[in-house]
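Here's the letter readout for the chains.
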Amino acid sequence: MPAGNIEKMKYAYAYGADACYLGLVDYSLRTMRKGELITRQNLKSAIDTARALNKKAYLTLNIFAYDNDIESLENSIDVIKNANPHAIILSDFGVYRTVRKYLPDIDLHISTQTNILNTEAVKFWRDMGATRVILARELSLKQIEAIKKAVPDIEVEIFVHGSQCMSYSGRCLLSDYMTKGERKANHGGCAQPCRWSYKLLEETRPGEYYEIVQDERGSHILSPKDLCLVRYIKELQNIGVDSFKVEGRTKSLYYVSAVTKAYRAVMDGKLDSKEAFCELKKVGNRGFTEGFFMGDNNSSSYSYEISKGLAGADFLCIFLEKKDNLYKVVIKNKMLLGDEFEIITPDYCACAKVVSITNKDGEKTDVANTNDEVWMELEAHGDWQNEWQWALGRTLGIKNEIEA
């Protein structure tokens, strides 16, 4: 699972992830802006946290590097060595040589950015000492199966869920061009111009704009739908895929928790794929596609109507503490007295109703606003209050907009 910050990493582990991938700002393809960001100063403590939970943490160094990036990486080697991640994910040959030179014993995972599409490429990286390859998203199930059979002595990882780039596994320069080099896609600053809505300007009529519309679907002509392969998890397990990867280091805490929970439940046989797919639709998405996975990728894989993800549920709150029959929560989206919502724990879900709200001044109120910390009395279905499992305190409340 993605770990955009330390909080998201902890939630991913609590909700069932075996491993997380996290990145230092200078060498990662995602630049984080919120939360307890992972830096040189706290990288070791983040990875120590993973080990304490008997989980794994992989460090992404997957930018396409210039000479100054390699020099900077060399200056950071001691920090990385001290942090001792379980593996390093990389794509650049110069980064590969640098890591191999200074950290010869660490496991290397080859990023999807290298566009590994064939058996010989997998053999190449195996022979170079890599322990895992993350295959390109442009492969079908049959092609993945053939690669795994042909090269069984290296681990294979594939992306199963999340946003997709309109270029080959993310190797895109649109952002570089359209921001005049200020936001370089392969240095973690992608402005996502593929998600923009475009209009046409005729050069002899300045100021007169025309939408690029071929039909009623709109003008988001470069924006792919999100990948979702939850229906095929069992097939992927059966052909021996070693690791399932989810995109989303810039996604919300709710995204990380709910997606982890859904895929974990399917992998463990606790939830069928149809039910999991319904749960995943509650999380922000641009519509779902199987992409190239079934070998028939076509125009239906693009999100013509929207560029931003839409969710089927609102992320309302995080549970912090329990005292008698009251629950302390931090509000993520406004909650009202009488609201009915769903509680998502790592182990199960339950429905509840807000019976009372008490603010930080001890006053009763009818509303709790975003970022408020309040005490709530809840009326829950079943034996939820007696069976509460805090699971490291990481429990979420959501409101299903479809049911509402």
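One structure accompanies this document, and this report is about it. Within each chain, residues carry numbers counting from 1 in the order of the written sequence. In view of the model being predicted, local features appear only for residues whose pLDDT reaches at least 70, and side-chain atom pairs are presented and counted only at 80 or more, with totals across whole chains, interfaces and linings using the full set of residues. To obtain the side-chain values, all non-hydrogen atoms of the structure were included, while hydrogens and water were left out.

1. Digging into the pairing of strand β13 (residues 326-331)
The condition that has to hold: DSSP calls a pair of strands paired once it identifies at least 2 bridges connecting them. Helix numbers and strand numbers start at the N terminus; a helix is a DSSP run of H or I with at least 4 residues, a strand a run of E with at least 2.
In the sheet, strand β12 (residues 313-323) pairs with β13 via six bridges, with the strands oriented antiparallel. Considered in β13, the bridge of Glu 321 is made with Lys 328. Joining the antiparallel neighbours β12 and β13 is a turn of two residues, in which Asp 324 adopts a positive phi near 55 degrees. In this sheet, strand β19 (residues 373-380) lies alongside β13 in antiparallel orientation, the contact comprising five bridges. Counterpart to Lys 328 in the pairing with β19 is Trp 375.

2. Here's the deal with a nonpolar patch on the surface
Spelled out, the test is: Patch building starts from residues that exceed 30% relative accessible area and form no salt bridge, then joins like charges within 9 Å and nonpolar side chains (Val, Leu, Ile, Met, Phe, Trp, Tyr) within 5 Å. Each accessible area value is a Shrake-Rupley result obtained with a 1.4 Å probe; residue values ignore everything except the protein chains displayed when judging cover. Here, a salt bridge means any side-chain nitrogen of Lys or Arg that lies within 4 Å of a carboxyl oxygen of Asp or Glu. Buried, partly exposed and exposed residues are distinguished by accessible area as a fraction of the type maximum, computed with a 1.4 Å probe on protein chains only: under 20%, between the cut-offs, and over 50%, respectively.
A contiguous nonpolar patch, built from Leu 173, Tyr 177, Met 178 and Trp 196 and spanning about 450 Å² of accessible area, is present on the exposed surface. With respect to the secondary-structure elements, Met 178 resides in helix α7 (residues 174-178). With a relative accessible area of 39%, Met 178 lands in the partly exposed category.

3. Structural notes on the packing of helix α1 (residues 6-14) against helix α2 (residues 43-52)
This is how the line gets drawn: Axis angles are defined between N-to-C directions and span 0 to 180 degrees, where every axis is a line fitted to C-alpha atoms and, for a helix, only to the segment in contact. Should an angle lie under 35 degrees it is considered roughly parallel, over 145 roughly antiparallel, and from 65 to 115 roughly perpendicular; all remaining angles are considered oblique. Any two residues whose heavy atoms approach within 4.5 Å are treated as being in contact. Throughout this entry, Asp, Glu, Lys and Arg are counted as charged residues, while Ala, Val, Leu, Ile, Met, Phe, Trp, Tyr, Cys and Pro are counted as nonpolar. The remaining residues, Gly among them, count as polar.
For the pair α1 and α2, the least separation of the axes is 11 Å and the interaxial angle reads 10 degrees. Looking at the two axes, α1 sits roughly parallel to α2. On α2, the residues that touch Ile 6, Met 9, Lys 10 and Tyr 13 of α1 are Ala 46, Thr 49 and Ala 50. Considering only residue class, the contact of α1 with α2 consists of five nonpolar, one polar and one charged.

4. Section: the packing of aromatic side chains
Aromatic ring pairs are defined here through the distance separating the ring centres and the angle between the ring planes. Let me state the cut-off plainly: The criterion for an aromatic pair is that two Phe, Tyr or Trp rings (for Trp, the six-membered ring) have centres within 6.5 Å, with stacked assigned to planes under 30 degrees apart, edge-to-face to planes over 60 apart and tilted to the rest.
The final tally for this structure, using the stated rule, is eight aromatic pairs. Plain terms: the ring middles of Tyr 11 and Tyr 15 are 6.4 Å apart, the flat faces sit at 10 degrees to each other, and that makes the pair stacked. When sorted by exposure, Tyr 11 lands in the same class as Tyr 15, which is buried. Considering the side-chain rings of Tyr 96 and Trp 125, the 5.7 Å spacing of their centres and the 65 degrees angle between planes classify their relative orientation as edge-to-face.

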